[in-house]
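Tertiary structure, described
Spelled out, the chains give:
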Amino acid sequence: GYPCAMLQQSYRMNAALVAFPSACFYAGQLASAACAAERRLEAKPGGRYAEILAPERAALFVDLAHEGNPTRSFEEAELAGELAAELVLHHGVPASELKLISPFRAQNRALLTAC
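Looking only at helices and strands, the protein has 3 helices and 2 strands in total. Reading the protein from its N end, one meets helices and strands in the order β-α-β-α-α. For the C-alpha atoms alone, the extent of the protein along its principal axes is close to 40 × 35 × 25 Å. Per-residue burial over the protein gives 25% buried out of 115 residues. Excluding contacts between residues fewer than 6 apart, the proportion of contacts in the protein whose partners are at least 24 apart in sequence is 47%. Across the protein, the centroid of the 10 positively charged side chains sits 9 Å from that of the 12 negatively charged ones.

Of note, L83 is situated in helix 2 (residues 74-89). Counting along the chain gives 70 residues from L83 to M13, while the straight-line C-alpha distance between them is 18 Å. Ignoring sequence-local partners within four residues, the contact set of L83 consists of Y49, I52 and L53.

This part takes up the confidence of the model for the protein. Scored by pLDDT, the protein comes out at a mean of 89, with 99% of its residues at no less than 70. Model confidence for the protein, summarised as mean pLDDT per element, is weakest for helix 3 (residues 105-114) at 87 and strongest for strand 2 (residues 31-32) at 96.

Attention now goes to the packing of aromatic side chains. Given two aromatic rings, their pairing is described by the distance between the two centres and the angle made by the two planes. All told, the structure shown has 1 aromatic pair when counted by the stated rule. Between F20 and F25, the ring centres sit 5.9 Å apart and the planes meet at 90°, which makes this aromatic pair edge-to-face. When its relative accessible area of 53% is taken as the criterion, F20 is described as exposed.

Take the pattern of salt bridges next. With the rule as written, the count across this model stands at 1 salt bridge. Taking the shortest distance from any N to any O, the salt bridge between E82 and R48 comes out at 3.7 Å. Here E82, found in helix 2, pairs with R48, found in the loop between strand 2 and helix 2; they are 34 residues apart in sequence, far enough to count as distant. In this structure R48 comes out as exposed when scored by relative accessible area, which is 63%.

The backbone of A27 shows a phi angle near 50°, a positive value even though the residue is not glycine. Counting through the fold element by element, A27 comes out in the loop between helix 1 (15-25) and strand 2.

Here we come to the side chain of S73. By secondary structure assignment, the location of S73 is in the loop between strand 2 and helix 2. Among the residues examined, S73 registers a relative accessible area of 1% and is labelled buried. Side chain to side chain, S73 and E75 meet in a polar contact 3.1 Å long. Among all residues touching S73, those that are not within four sequence positions of it are H66 and Q107.

Cut-offs applied
- The written sequence of each chain sets the order in which its residues are numbered from 1.
- In view of the model being predicted, local features appear only for residues whose pLDDT reaches at least 70, and side-chain atom pairs are presented and counted only at 80 or more, with totals across whole chains, interfaces and linings using the full set of residues.
- Hydrogen atoms and water are omitted, and side-chain values are computed over all heavy atoms in the structure.
- Counting from the N terminus, the helices are DSSP H or I runs at least four residues long and the strands are E runs at least two residues long.
- Here the term buried applies to any residue with accessible area under 20% of the maximum for its type, exposed to any over 50%, and partly exposed to those in between, with areas from a 1.4 Å probe on protein chains only.
- Residues are treated as being in contact if the distance between any of their heavy atoms lies within 4.5 Å.
- Think of it this way: Lys and Arg go in the positive column, Asp and Glu in the negative one, and His and the chain ends go nowhere.
- A single reference atom marks each charge: NZ on Lys, CZ on Arg, CG on Asp, CD on Glu.
- Here pLDDT means the predictor's own confidence in every residue, given as a number from 0 to 100.
- Note on aromatic pairs: the rings of Phe, Tyr and Trp (six-membered ring only in Trp) are paired at centre separations within 6.5 Å, and the planes decide the class, stacked below 30 degrees, edge-to-face beyond 60, tilted for the rest.
- A pair is scored as a salt bridge if a Lys or Arg side-chain nitrogen falls within 4 Å of a carboxyl oxygen belonging to Asp or Glu.
- What qualifies as a polar contact is a pair of N or O atoms within 3.5 Å, subject to a donor-acceptor requirement within protein and to the restriction that residues adjacent in sequence count only when both atoms come from side chains.

Encoded structure:
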């Protein structure tokens, strides 16, 4: 019963992260707000996942070997939990600023048990 509204600016994602959903879901009409466009992780040197969490990368694909997990992967959930822990414990990112998101309820439950 409510009219639809098109999101045109993201205040959370930098320009590189916005590029994918903008192209795939918003017909190129979603843009990063000026205050977020160049935002990057302020990482400290080192850490177990320094290559994955490198601040010069806005987005990264991690090829994690697993098979037969159409809606839930404990391997992915474990890695996501370890990355979140490193962000908080090594890099000093407040836990309240992290969100782990999955399109599958089963994966969300796996994330809860891994974290």
